[in-house]
Amino acid sequence: MIFGDKNRRNFDINNLLLVSRKQLVRLNQNNLIQEDTELTKAAITVVDIYSKLGELKRSR
């Protein structure tokens, strides 16, 4: 679980985002966790898309 806006004191349920370890690694590698929860949610989606693209390329 991560804090969507990087604020570790903001325990609002909409700010807490459940991510896998794989997603967290990619988010941290690309510095995608933002100070805006909505941007962080979008970054998680981008990470998922790139992950799926990688899987498809490897399966070919």
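Before reading on, note that the structure itself is shown above.
First, a word on scope: everything that follows refers to the structure included in this document. From a predicted model like this one, the values you see are computed outputs, not experimental measurements. (Residues numbered from 1 in each chain as written. Predicted model: local features only at pLDDT ≥ 70, side-chain atom pairs only at ≥ 80, totals over all residues. Heavy atoms only, no water.)

### Looking at the packing of helix 1 (residues 21-29) against helix 2 (residues 37-59)
Okay, so step 1: Contact geometry of helix 1 with helix 2 gives a least axis separation of 10 Å together with a crossing angle of 105 degrees. As summarised for this structure, helix 1 and helix 2 are arranged roughly perpendicular, according to the angle between their axes. Each of Lys-22, Gln-23, Arg-26 and Leu-27 in helix 1 lies in contact with helix 2, whose residues at this interface are Ala-43, Ile-44, Val-47, Asp-48, Ser-51 and Glu-55.
Okay, so step 2: A class-by-class count of the residues in the contact of helix 1 with helix 2 yields four nonpolar, two polar and four charged. (Axes fitted to C-alpha atoms, helices over the stretch in contact; angles between N-to-C directions. Helix = DSSP H or I, 4+ residues; strand = E, 2+ residues; numbered from the N terminus. Parallel < 35°, antiparallel > 145°, perpendicular 65-115°, else oblique. Contact = heavy atoms within 4.5 Å. Nonpolar A, V, L, I, M, F, W, Y, C, P; charged D, E, K, R; others polar.)

### Describing helix 2
Okay, so step 1: Along its 23 residues, helix 2 runs 33 Å from first to last C-alpha, staying within 8% of the 33 Å computed at 1.5 Å per residue.
Okay, so step 2: Every buried residue belonging to helix 2 is among Thr-37, Thr-40, Ala-43, Ile-44, Val-47 and Gly-54, and all of these are buried.
Okay, so step 3: Where the residues of helix 2 are buried, they touch strand 1 (2-3), strand 2 (16-17) and helix 1.
Okay, so step 4: The backbone nitrogen of Glu-38 has a side-chain oxygen 2.9 Å away, supplied by the residue at the start of helix 2, namely Asp-36. (Expected span 1.5 Å × (residues − 1). Buried < 20%, exposed > 50% of the residue type's maximum accessible area, 1.4 Å probe, protein only. Polar contact = N/O pair within 3.5 Å; in protein donor to acceptor, adjacent residues only side chain to side chain.)

### Here's the deal with the pattern of salt bridges
Okay, so step 1: Overall, the coordinates contain three salt bridges when judged by the stated rule.
Okay, so step 2: Of the charged contacts in the structure, one is a salt bridge between Glu-38 and Lys-41, with a shortest N-O distance of 3.5 Å. Pair noted here: Glu-38 and Lys-41 are both in helix 2, with a separation of three residues, about one helical turn.
Okay, so step 3: For Lys-52, the salt bridge identified is with Glu-55, shortest N-O distance 3.7 Å. In this pair, Lys-52 and Glu-55 are both assigned in helix 2, three residues apart and thus about one turn of the helix distant. (Salt bridge = Lys/Arg side-chain N within 4 Å of Asp/Glu carboxyl O.)

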